[in-house]
Amino acid sequence: MITLENIRKDFPGKTGAVTALDGVNLSIAKGEIFGIIGSSGAGKSTLVRLINLLERPTGGEVIVDGRAVTDFKGGDLRDLRRQIGMVFQHFNLLSARTVFGNVAYPLELTGEYGRHEIADKVKTLLARVGLEAHAQKYPRQLSGGQKQRVGIARALACAPKVLLCDEATSALDPQTTGSVLELLRQINRDLGVTIVLITHEMDIVRRTCDRVAVLDHGRVVETGPVTQVFLHPQHEATLKLVREAEPDGGLLSNIAAAGVSGRIVRLTFLNDAARKPLLGKIAREHGADYQILAGRVGNIRDTPYAQFTVSLSGQDVAGAIAGLRAGGVTVEVHGGELHDADGEKRPSLTPLPALHRDGGLRHVV
Ligand SMILES: Nc1ncnc2c1ncn2[C@@H]1O[C@H](COP(=O)(O)OP(=O)(O)O)[C@@H](O)[C@H]1O
Ligand SMILES: [Mg+2]
C-alpha cells in the first residue's frame with residue numbers, strides 16, 4: 001500500500017541543515033496495522049507527513065497504492081490526500097463547529113455531495129465511533145477520548161484507504177487509550193483500512209500492530225512482526241523501548257541473590273506453546289529442575305506469549321532443551337554454565353548476543 005524508497009529529509013537550520021530522515025526504506029502492506037516507533041525527535045512525524053505529502057522529501061520516492069506520488073500537485077495531490085486520512089495527537093478540531101460540523105467539513109470541501117447525502121454519511125460515521133448522541137455538541141463539551149473519536153470519524157469521512165495516526169492516544173488516559181486503540185482495530189477489521197500508527201510507546205505497538213519499524217535518529221534500525229521485534233529486540237534503541245514497557249523483572253538481583261546454578265536459557269513461548277504446561281512437563285520427563293530468574297507474560301495483539309529466563313539443572317538438561325525446542329519453544333542458550341554462587345568458581349561465560357543484550361546478565365557473569 002505504501003512504499004518509501006531511500007527517503008531523505010533535510011530541514012534548513014540556523015547552523016546548517018538538520019537531517020530528520022536519512023535513507024528510510026519501508027514497505028507497508030494493504031490492510032495491516034503498521035507501527036512506527038521511536039523516541040522523541042527520531043523523525044516519526046516527519047515520516048508520516050511525507051506519506052500524504054504534507055512534507056516533500058529532499059530525496060527518495062513515496063509510492064502509494066502502486067503510484068509514485070512524490071511530485072503530485074493540484075488535482076492529483078487532492079485525490080491522494082482524500083485517500084489518506086490523518087488523526088492527530090491534539091485532535092485539531094474546529095472549535096466553532098459542532099461534532100457534526102467537524103465530521104461534515106471534509107465532505108463539504110469536496111463539493112461532491114448534497115446536504116442530505118452529507119447528513120447520512122456523518123450519521124453513519126458518528127455511529128461507527130459511538131458518538132451518535134453527541135452530534136450537536138461542541139468540542140469544548142467533549143472529553144479527550146470523545147474528541148479523538150470525532151477526529152477519527154473526520155479522518156474516515158472520505159472513505160480513505162489509509163489512516164495515519166500520529167501519537168493519536170498520547171494525550172489520553174490509559175483507559176481511554178485502550179478504547180481508542182480498540183476502535184482503530186475495529187476500523188481496520190471492518191473497513192480493511194491500512195493503518196499507520198506512530199507512537200513512542202512500545203505498549204501501544206504490542207497491543208495494536210501487526211508489524212513495526214523502529215526509527216532512531218532518522219533511520220529505520222529494525223523492522224518486522226511485532227512478536228519478533230518485541231520478544232527478540234536486536235537494536236539498542238529497540239531494547240530501550242521494550243525495557244520501558246517491560247522492566248526486566250529484577251533479572252540482575254535475582255541471579256545475584258539466588259546463588260544460581262545450572263544452564264541459563266531464555267525460553268519464548270508463543271501461541272500454542274504458550275497455552276500448554278510445557279516447561280513443567282518437559283523438566284519432569286528429563287529429571288531437570290528449573291529456576292525462573294526473570295519473565296514476562298501477556299499478549300501481543302491476540303497472540304499469547306510467555307518469555308522466561310531460567311536456569312536449568314539436574315539430570316538431562318540437554319534433553320530438556322531439545323524437548324522444549326521440539327514443543328515449539330524458542331530456546332536461546334546462554335553460553336557456559338554457572339556452578340555455584342561463588343564468583344570464583346564460575347567458568348567464564350560467553351553470552352549469546354541475544355542474552356548479552358538482555359538487561360543485566362552481562363554484569364553478573
Ligand atoms: N519543520 C521543521 N523545521 C526544522 N526542523 C524540523 C522540522 N520538523 C522536524 N524537524 C526536526 O526533525 C527531527 C525529527 O522531528 P520529528 O519528525 O518531529 O520527530 P518525532 O515525531 O519522532 O518526535 C527533529 O530534530 C526536529 O527538530
Ligand atoms: Mg512527533
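Numbers given to residues run from 1 along each chain, matching the order in which its sequence is written. Numbering of ligands from 1 and lettering of chains from A proceed in the order in which they are written. Restriction of local features to residues with pLDDT of at least 70 applies here, the model being predicted, together with a cutoff of 80 or more for giving and counting side-chain atom pairs; totals for whole chains, interfaces and linings are based on all residues. Heavy atoms throughout the structure, all of them, feed into the side-chain values; hydrogens and water do not.

**Considering a nonpolar patch on the surface**
Part 1 of the argument: Put simply, a patch holds well-exposed residues, over 30% relative accessible area, that have no salt bridge, with like charges counted together within 9 Å and Val, Leu, Ile, Met, Phe, Trp or Tyr side chains within 5 Å. In this description, accessible areas are obtained by the Shrake-Rupley approach with a 1.4 Å probe, and a residue is regarded as covered only by the protein chains that are shown. Think of a salt bridge as a Lys or Arg side-chain nitrogen and an Asp or Glu carboxyl oxygen that are within 4 Å of each other. On the surface, Leu 94, Tyr 105 and Leu 109 cluster together into a nonpolar patch covering about 280 Å² of accessible area.
Part 2 of the argument: With respect to the element layout, Leu 94 can be found in the loop between strand 6 (84-87) and helix 3 (99-110).
Part 3 of the argument: Buried, partly exposed and exposed residues are distinguished by accessible area as a fraction of the type maximum, computed with a 1.4 Å probe on protein chains only: under 20%, between the cut-offs, and over 50%, respectively. For Leu 94, a relative accessible area of 33% corresponds to the partly exposed category. Runs of E in the DSSP output that reach at least two residues are strands. Runs of H or I that reach at least four are helices, and both are numbered from the N terminus.

**Looking at empty space enclosed by the protein**
Part 1 of the argument: The rule is simple: put a 1 Å grid over the protein atoms alone, call a set of points where a 1.4 Å probe fits but cannot get out a cavity, call an open set with protein on both sides within 12 Å along at least five of seven lines a pocket, and count a residue as lining if it has an atom within 4 Å of a point. Grid points are joined across faces, edges and corners, and a volume is the space filled by probe spheres set on the points. All chains considered together, the criterion is met by 2 cavities of 30 Å³ or more.
Part 2 of the argument: Its volume calculated, the second largest cavity comes out at about 40 Å³.
Part 3 of the argument: Every residue along the wall of the second largest cavity is listed here: Glu 167, Ala 168, Thr 169, Ser 170, Leu 181, Leu 197, Ile 198, Thr 199 and Ile 204.
Part 4 of the argument: Considering every element that reaches the lining of the second largest cavity, the biggest residue donor is strand 8 (residues 194-199), with 3 residues.
Part 5 of the argument: Under the scheme applied, nonpolar residues are Ala, Val, Leu, Ile, Met, Phe, Trp, Tyr, Cys and Pro; charged residues are Asp, Glu, Lys and Arg; polar residues are all the others, including Gly. A breakdown of the residues in the lining of the second largest cavity according to their chemical character gives 5 nonpolar, 3 polar and 1 charged.

**Thoughts on the packing of helix 3 against helix 5 (residues 144-156)**
Part 1 of the argument: One can describe the packing of helix 3 onto helix 5 by two numbers: an axis separation of 7 Å at closest approach and a directional angle of 25°. With respect to helix 5, the axis of helix 3 lies roughly parallel. Here helix 3 and helix 5 pass one another in a crossing that is right-handed. For the pair helix 3 and helix 5, the contacting residues are Val 99, Asn 102, Val 103 and Pro 106 in the first and Val 150, Ala 153 and Arg 154 in the second.
Part 2 of the argument: Among the residues making up the contact of helix 3 with helix 5, the classes are represented as 5 nonpolar, 1 polar and 1 charged. Note on method: axes are straight lines fitted to C-alpha atoms, helices fitted across the in-contact stretch only, with angles between N-to-C directions ranging 0 to 180 degrees. Throughout this description, any angle smaller than 35 degrees is read as roughly parallel, any larger than 145 degrees as roughly antiparallel, any in the 65 to 115 degree range as roughly perpendicular, and the remainder as oblique. It is the rotation of the near helix from the far one that decides the hand of a crossing: anticlockwise by less than a right angle makes it left-handed, clockwise makes it right-handed. Any two residues whose heavy atoms approach within 4.5 Å at even a single point are treated as in contact.

**A word on the environment of Leu 107**
Part 1 of the argument: In this fold, Leu 107 is placed in helix 3.
Part 2 of the argument: Assessed through its relative accessible area of 0%, Leu 107 is described here as buried.
Part 3 of the argument: Along the primary structure Leu 107 and Cys 158 are separated by 51 residues, whereas in three dimensions their C-alpha atoms are 6.5 Å apart.
Part 4 of the argument: Apart from the residues within four sequence positions on either side, Leu 107 is in contact with Tyr 113, Ile 118, Lys 121, Val 122, Ala 157 and Cys 158.

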